[in-house]
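Listed below, chain by chain, are the residues.
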Amino acid sequence: MYHKEQPVIVLDDPFTNLDQQKITHALKLLADIAKERQIVYFTCHESRMPS
């Protein structure tokens, strides 16, 4: 139906069990993906906020 549309990615606090180094890498990956797709990212921890 919408061949050129890309689905939205919804993440609900996905990094709860990662250490800080892995969180940093994961947030960088999200930033890279967000250049091409819409991401809805929920977190309740300030340490996991994208910069």
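Description of the structure in this document. Keep in mind that what you see is a predicted model, and the values were worked out from it rather than measured.

**Some remarks on the side chain of D13**
- With respect to the helices, strands and loops of the structure, D13 is situated in the loop between β1 (9-12) and α1 (20-33).
- A distance of 2.9 Å separates polar atoms of two side chains, one belonging to D13 and the other to T43.
- With sequence-adjacent residues up to four places away left out, D13 is seen in contact with F42, T43, C44, H45 and R48.

**Concerning a nonpolar patch on the surface**
- Nonpolar side chains collect at one region of the surface, where V8, V10 and F42 lie side by side and expose about 270 Å² of accessible area between them.
- Turning to its location among the elements, V8 is positioned in the segment before β1.
- Classification of V8 as partly exposed rests on a relative accessible area of 42%.

Rules of the game
Every chain's residues receive numbers from 1 upward, in the order its sequence appears when written. At least 70 in pLDDT is required for a residue's local features to be given in this predicted model, at least 80 for side-chain atom pairs to be given and counted, and no such filter applies to totals for whole chains, interfaces and linings, which use all residues. Excluded from the side-chain calculation are hydrogens and water; included are all heavy atoms of the structure. Secondary structure follows DSSP: runs of H or I at least 4 residues long count as helices, runs of E at least 2 residues long count as strands, and numbering of each begins at the N terminus. Each polar contact in these results corresponds to two N or O atoms within 3.5 Å; when the atoms are within protein, one needs to be able to donate a hydrogen and the other to accept it, and residues that are neighboring in sequence are counted only if both atoms are side-chain atoms. Whether two residues are in contact is decided by their heavy atoms, any of which lying within 4.5 Å being enough. Distance thresholds for patches are 9 Å for like charges and 5 Å for nonpolar side chains (Val, Leu, Ile, Met, Phe, Trp, Tyr), applied to residues having over 30% relative accessible area and no salt bridge. For accessible areas, the Shrake-Rupley method is used with a probe of radius 1.4 Å. Any residue's cover is judged against the shown protein chains and nothing else. A carboxyl oxygen of Asp or Glu within 4 Å of a side-chain nitrogen of Lys or Arg is what we treat as a salt bridge. Any residue under 20% of the maximum accessible area for its type is buried, any over 50% is exposed, and the rest in between are partly exposed; the area is computed with a 1.4 Å probe on protein chains only.

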